[in-house]
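# What the coordinates show
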Amino acid sequence: MIRDFKAQIFCRETNLSRREIDTVDPIWIERIDAYFRQSAILPPNGDPTEYAAAFEAVYPQSRHRRQYLEDAIAKGTPCFGHKVLAGLIAAGMVDCVFTTNFDPLVEDATVTANARLPVADKIRPTVAAIDSADRAMRCLNESDWPLIAKLHGDYQSIAIKNTGSELEAQDERMRHVLIEAGKRYGMLFVGYSGRDASIMEVLNTVLDGPSPFPNGLYWVASSATGVLPAVTALLSRAQGLGVDVAIVECATFDELAADIIKMADLPSPLYDWVMEGRPSPRLVPVHIPTIEARMFPVLRYSALLIETMPSTARRMTLTSTASSAEVRALLKEKKCRATIAAIGRELAVFGNDQEVLTALSALGVSLAGEITLDPAKDSWALGLLYDALVRALARRRPLIPRLKRSGHSLDIASPRDSDDPDRTRCDEQTLRKLREAYGSPLTGKVPKLGFPFQEGITVKLEHVDNRWWCGFEPYTFVETPRADAPEAGTSDSNRIGARSERGGDPAGDWRRERWAQRYNKNWAAIINAWSQLLTGSREPVRAVGLQDGTGIDAVFELSSYTGWSRAGHHHAYFDRSR
């Protein structure tokens, strides 16, 4: 809506036709944004009052704003997230929904969900808006749930809240209902920015009373760093009063709903109806041919079978909530070698117990036994094992682990003048077969550019055919200077032919040329050399290398052979001698 409002104002001020503007075209988007950056017509981009100011600038009359919303809402249909929410309401799992939206999608979806249930099991929600706030008061006083309360009004209401003046104060009856709900229950905020001062003032009023939000206050956002200052202040104040507070990162409403539906035990009719609207999966089961074919493998995978991996980790509890990033920062500051995953106020840890307890003492950490790891089900367990595997493969090898959100990698460590000569000779011997397979130096500087480079592999932990695999892909890492720090920092343009986010990969041509002449024979030798480097000791790899009894280590046993494949059918091609 803000994008549409800006386009209309831009056309009005520049005397252009709306048909000439394409708000999807990046060129037009940048042109419009540049115009508003140079003018004072609207508040700055991202300002909490931007929406209200833009709406009122285009449609000064409330009836016109109502008509705009009605026209837009007529085109909408419930999404997957709406269906999940409606299923939870119809199943009696959600009692109260407060929304600042004007559309009827939640109640429409709930009507459809109820149609799937027997008459005796149907639960019909009460819908209350500004001009029907008495309904909300009755539901609250009589605990007659479920309730859908529209804090800014319904698109069919005469009174709706859009402009700055309208959003300054909340309807007293709706305000009372929201305050009382905050005193009695916990609240989960989904897709709400906290732009409305009237609602944020009500939430702060809840904190003035005894025992606010007794079941917690949870704020779902696409990024914890993107929440508005007013929200941060509210959450900080609530946490200081002893409320269980957390910011949950989730990209979209649909993704959140998909996670919830995995745990919610919906009645079969409702579950089947919800899943009808699920997008088609990208990966679908296929029938694997069983016709006997030539036994000799014809494809070699750059993947090693993980024969055994950790099934438990140390469980630790915290007296204060902390994210994984915050905990890792503390461990790094205290030089504590440990791998962790944060789950609310609990940690799953691989490392020396006493060292971790000392490093995290400020968070009130304590031992709490062990925690079972199920990476196929729990994303936090998968991330913990992924981090631990990369650290284990790098340990006692001339490799540098690079752990990034986009994917982990292992790079050859460049020799330094300060290294011990015996260690340098040992590393050279360890890398001898890999150097022979590449037929060129494994580290050095890019000709003419002078940027340091290192050969390496990206590493993946993947579940395929009911088994866990360590997949890897050779690549060349080039350390390019950042635009804002020409003498320090590194680029993320790691993959072959990758493009930097800062406008291009200066070493791209050199990297592509380096790999262009490496054909199947070279690739086979490189994959074989990396396999031997990662599994050459024939012993389990350990992420920390603990002595018995000092903690729980992440121990992995990898097959020394890569995966192989053969054709699922027979063809004369496979009868060739070479």
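Residues numbered from 1 in each chain as written. Predicted model: local features only at pLDDT ≥ 70, side-chain atom pairs only at ≥ 80, totals over all residues. Heavy atoms only, no water.

## Observations concerning the packing of aromatic side chains
In the structure shown here, the tally under the stated rule is 16 aromatic pairs. Both rings, one in Phe-10 and one in Tyr-35, keep their centres 5.4 Å apart while their planes meet at 80°; by these two values the pair is edge-to-face. Here Phe-10 is found in helix H1 (residues 2–14), whereas its partner Tyr-35 is found in helix H2 (residues 26–37), with 25 residues between them in sequence. Phe-10 gets classed as buried once you look at its relative accessible area, which sits at 5%. A residue is classified by how much of its surface remains accessible, and Tyr-35, at 22% relative accessible area, is partly exposed. Taking 5.6 Å as the distance between ring centres and 70° as the angle between the ring planes, the aromatic pair formed by Phe-55 and Tyr-68 counts as edge-to-face. One end of the pair, Phe-55, is in helix H3 (residues 50–58); the other, Tyr-68, is in helix H4 (residues 62–73), with 13 residues separating them in the sequence. Three or more aromatic residues link up through ring pairs in this structure, and these residues are Phe-5, Phe-55, Tyr-59 and Tyr-68. Positioned above the aromatic ring of Phe-36 is the side chain of Lys-6, whose terminal nitrogen or guanidinium carbon lies 5.7 Å from the ring centre. Taking NZ or CZ as reference, Arg-518 lies 4.6 Å from the ring centre of Trp-515, over its face. (Phe/Tyr/Trp six-rings, centres within 6.5 Å; stacked < 30°, edge-to-face > 60°. Helix = DSSP H or I, 4+ residues; strand = E, 2+ residues; numbered from the N terminus. Buried < 20%, exposed > 50% of the residue type's maximum accessible area, 1.4 Å probe, protein only. Lys NZ or Arg CZ within 6 Å of the ring centre and 35° of its normal.)

## As for a nonpolar patch on the surface
On the surface, Leu-188, Val-190 and Phe-253 cluster together to form a nonpolar patch covering roughly 240 Å² of accessible area. Looking at where Phe-253 falls in the secondary structure, it is placed in helix H12 (residues 253–263). (Patch = residues over 30% accessible without salt bridge, like charges linked within 9 Å, V, L, I, M, F, W, Y side chains within 5 Å. Areas by Shrake-Rupley, 256 points an atom, 1.4 Å probe, with all protein chains shown as cover. Salt bridge = Lys/Arg side-chain N within 4 Å of Asp/Glu carboxyl O.)

## Overview of the pairing of strand E7 (residues 299–308)
By the bridge criterion, 5 bridges tie E7 to strand E19 (residues 555–565) in an arrangement that is antiparallel. For Leu-299, the partnering residue across the bridge sits in E19 and is Ser-565. (Pairing = 2+ DSSP bridges.)

## A closer look at helix H11 (residues 229–240)
Along its 12 residues, H11 runs 16 Å from first to last C-alpha, staying within 8% of the 16 Å computed at 1.5 Å per residue. When we look at burial in H11, the residues that qualify are Val-231, Leu-234, Leu-235 and Ala-238. Looking straight down H11, one finds its buried side chains confined to an arc of 95°; they lie on one side. With respect to the buried face of H11, the exposed residues turned more than 90 degrees away are Pro-229 and Gly-240. Of the residues trailing H11, Gly-242 is marked for its positive phi of about 90°. (Expected span 1.5 Å × (residues − 1). Arc of directions from axis to C-beta.)

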